[in-house]
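Structural features, examined
The primary structure of each chain is shown beneath.
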Amino acid sequence: MQRLIVAILIGFSLFLSAGCSTFQKDKVKTSKTPVLERVQKSGVLRVGLSGNQPPFNMTTRAGKIIGIEPDLANALAETIGARAEFVVRPFGELLAALEAGEVDIVMSQMTMTPERNTRVAFAGPYFISGKAILTKSSSLATADEADDINRAGITLTALSGSTSEEFVREAVPSARLKGAMDYDQAVQLVINDEADAMVADFPICVISVLRFPDADLLTIASPFTFEPIGAAIPANDPLFVNLVQNYMNMLEGTGLMAALEARWFEDGSWLAELPE
C-alpha cells in the first residue's frame, strides 16, 4: 500500500509539473497570484492544521505530523515545486491564521460552510463526512437523528470553534455543551464520564473507538448529517484556488484518495504511533 501511494504521488506530480514550470515563467500570471508566487519563491507551502484530528491529521509520539491531509499537502506542494511545512494551531484559530497570512492553506478536516466561505475560498471537497457521537452509553449509541440526543440532563462535548459545536447549539439545544480545545481532551471527557458523548465528524468517532479499545466507547451506525470537507485558501488568489481545485479533481482519477483512505481507515497500524 505504501508503495502504491508513493507511485501515485510521483505520477500526479509529474502530470502537473510541466504546467507548473510554465506557470512559474509567466510573469503576468504570477503577478496575479500572490500566494502561489510567494510559495514558489520561498519553496515552502505553509499548511495550517490542528495536528489532532485522526486519521485526517495527527501528531505522533515522536512529534511527526501524519495522516490523510499531510499526505495530500505533501503531494500538492510537490506539484508546485515546494515542500509542505505544517503549522499547528488550535482548530478555532486556523481561519484567522489563514486570513492573517500566517499560513497559505488550511487542510484540517474543515467543513465547507457558507459562513466560512464568506471569509475564505474553498477547494474540494476531498472527503464527505457528517456529524456523529462517541459515547459509552449503549442507548445513546442507537440514536438515528439529533432529536434522539436532544435531552435535558445530557452533557455533550465538541471541539471549540467547530461545526460540531455549532451543530450542538442548533440541533441539540436541550443538552449541556462543554467545549474542548482538542479531540484528545474531548475523548477523555467521555472516557472519564465528564461528558455523556462527544459530537464530532463520523471518522473521528470511528477512529476513537479503535484507538481506545479498553474504554468501552461506542459510536452510531451512520452520521446525522452530510458535510463536505475541503481546503481553505486565501480569497485574494483565484489562480491558486483554481490550481488546488484542479488538484482535488484529479484525486479520484489517479486513485490517490482511494489509496489514502485504504491506508488510514483500513490499516490501523499507525495507531501505535500516537500518544497513549
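Residue positions are given per chain, counted from 1 along the sequence in the order it is written. Confidence filtering applies because this is a predicted model: local features only for residues at pLDDT of at least 70, side-chain atom pairs given and counted only at 80 or more, and all residues used for totals across whole chains, interfaces and linings. Computation of side-chain values covers all heavy atoms of the structure but excludes hydrogens and water.

Some details on the overall build of the protein chain
In terms of helices and strands, the protein chain carries 11 helices and 13 strands. Note on exposure labels: buried denotes an accessible area under 20% of the residue type's maximum, exposed denotes more than 50%, and partly exposed covers the range between, all computed with a 1.4 Å probe on protein chains only. Across the 276 residues that make up the protein chain, the buried fraction comes to 53%. By the convention used here, residues are in contact when the closest approach between their heavy atoms is within 4.5 Å. Once local pairs closer than 6 in sequence are excluded, the contacts in the protein chain between residues at least 24 apart make up 71%. Carbon and sulfur atoms make up 52% of the accessible area of the protein chain, which totals about 12,200 Å². The helix count covers DSSP runs of H or I at least four residues long, the strand count covers runs of E at least two residues long, and both are numbered beginning at the N terminus. The method behind every accessible area is Shrake-Rupley, applied with a 1.4 Å probe, and residues are considered shielded solely by the protein chains displayed.

Side note on the sheet that holds strand E7 (residues 121–129)
Note on pairing: DSSP must find at least two bridges between two strands before they are called paired. Strands sit in the order E5-E1-E6-E13-E7 across an open sheet of 5 strands; the sheet is mixed. The outermost strands of the open sheet, each flanked by one partner alone, are strand E5 (83–88) and E7. Across the sheet, the mean angle from the axis of one strand to that of its neighbour is 25°, orientation sign disregarded. Direction of pairing for strand E1 (residues 44–49) relative to E5: parallel, over a ladder of 6 bridges. Residue arginine 46 lies in a different strand from E5, and its bridge partner there is glutamate 85. For helices, the fitted axis covers only the stretch in contact; all axes are lines through C-alpha atoms, and the angles between them, taken along N-to-C directions, range from 0 to 180 degrees.

Some details on the confidence of the model for the protein chain
The quantity called pLDDT is the predictor's confidence in a given residue, expressed from 0 to 100. Predicted confidence across the protein chain gives a mean pLDDT of 90, with 89% of residues reaching 70 or more. In the model, residues 21–31 has pLDDT below 50 throughout and makes 13 contacts with residues more than four positions away in sequence or in other chains.

Side note on the environment of threonine 157
Along the chain, threonine 157 turns up in strand E9 (residues 155–159). Looking at threonine 157, the relative accessible area reads 0%, which means it is buried. The spatial distance from the C-alpha of threonine 157 to the C-alpha of valine 199 is 6.2 Å, given a sequence separation of 42 residues. If sequence neighbours within four positions are ignored, threonine 157 has contacts with Lys178, Gly179, Ala180, Ala186, Leu189, Val190, Ala195, Ala197, Met198 and Val199. Polar contacts, as used here, are pairs of N or O atoms within 3.5 Å; protein pairs need one atom able to donate a hydrogen and one able to accept it. Residues neighboring in sequence count only if both atoms are side-chain atoms. In terms of polar contacts, threonine 157 uses its side chain to reach the backbone carbonyl oxygen of lysine 178, at 2.8 Å.

Some thoughts on the sheet that holds strand E4 (residues 65–66)
Strand order in this open sheet of 3 strands is E2-E3-E4, and the pairing throughout is antiparallel. At either margin of the open sheet sits one strand with a lone partner, and together these are strand E2 (52–53) and E4. Taken together, the 2 bridges between E2 and strand E3 (residues 57–59) define a ladder with antiparallel strand orientation. Each residue of the ladder has a partner; that of asparagine 52, found in E3, is methionine 58.

Details of the pattern of salt bridges
By definition, a salt bridge exists where a carboxyl oxygen of Asp or Glu is found within 4 Å of a side-chain nitrogen of Lys or Arg. In this structure the tally under the stated criterion is 12 salt bridges. For aspartate 104, the salt bridge is made with arginine 38, and the minimal N-O distance between the two is 2.5 Å. Note that aspartate 104 is positioned in the loop between helix H5 (94–99) and strand E6 (105–111) and arginine 38 in helix H3 (residues 34–42), a separation of 66 residues in sequence. Accessibility expressed as a relative area gives 30% for arginine 38, which makes it partly exposed. For aspartate 104, the salt bridge goes to arginine 46, with nearest N and O atoms at 2.9 Å. Placement of aspartate 104 in the loop between H5 and E6 and of arginine 46 in strand E1 is noted, with a sequence separation of 58 residues between them. For aspartate 104, a relative accessible area of 2% translates into the label buried.

Focus on the packing of aromatic side chains
Side-chain rings of Phe, Tyr and Trp, where Trp is taken by its six-membered ring, are said to pair if the distance between their centres is within 6.5 Å; with planes under 30 degrees apart they count as stacked, over 60 as edge-to-face, and otherwise as tilted. Counting across every chain of the model gives 5 aromatic pairs. Between the aromatic rings of phenylalanine 56 and phenylalanine 127, the centroid separation amounts to 4.9 Å while the plane-to-plane angle is 80°, which identifies the pairing as edge-to-face. One end of the pair, phenylalanine 56, is in the loop between E2 and E3; the other, phenylalanine 127, is in strand E7, with 71 residues separating them in the sequence. When the ring of phenylalanine 167 is compared with that of phenylalanine 224, the centres are 6.2 Å apart and the planes differ by 15°; the resulting orientation is stacked. Of the two residues, phenylalanine 167 sits in helix H7 (residues 163–171) while phenylalanine 224 sits in the loop between strand E12 (218–219) and strand E13 (227–233), which places them 57 residues apart along the sequence. An aromatic cluster is built from Phe56, Phe127 and Phe265, whose rings are joined through pairwise contacts.

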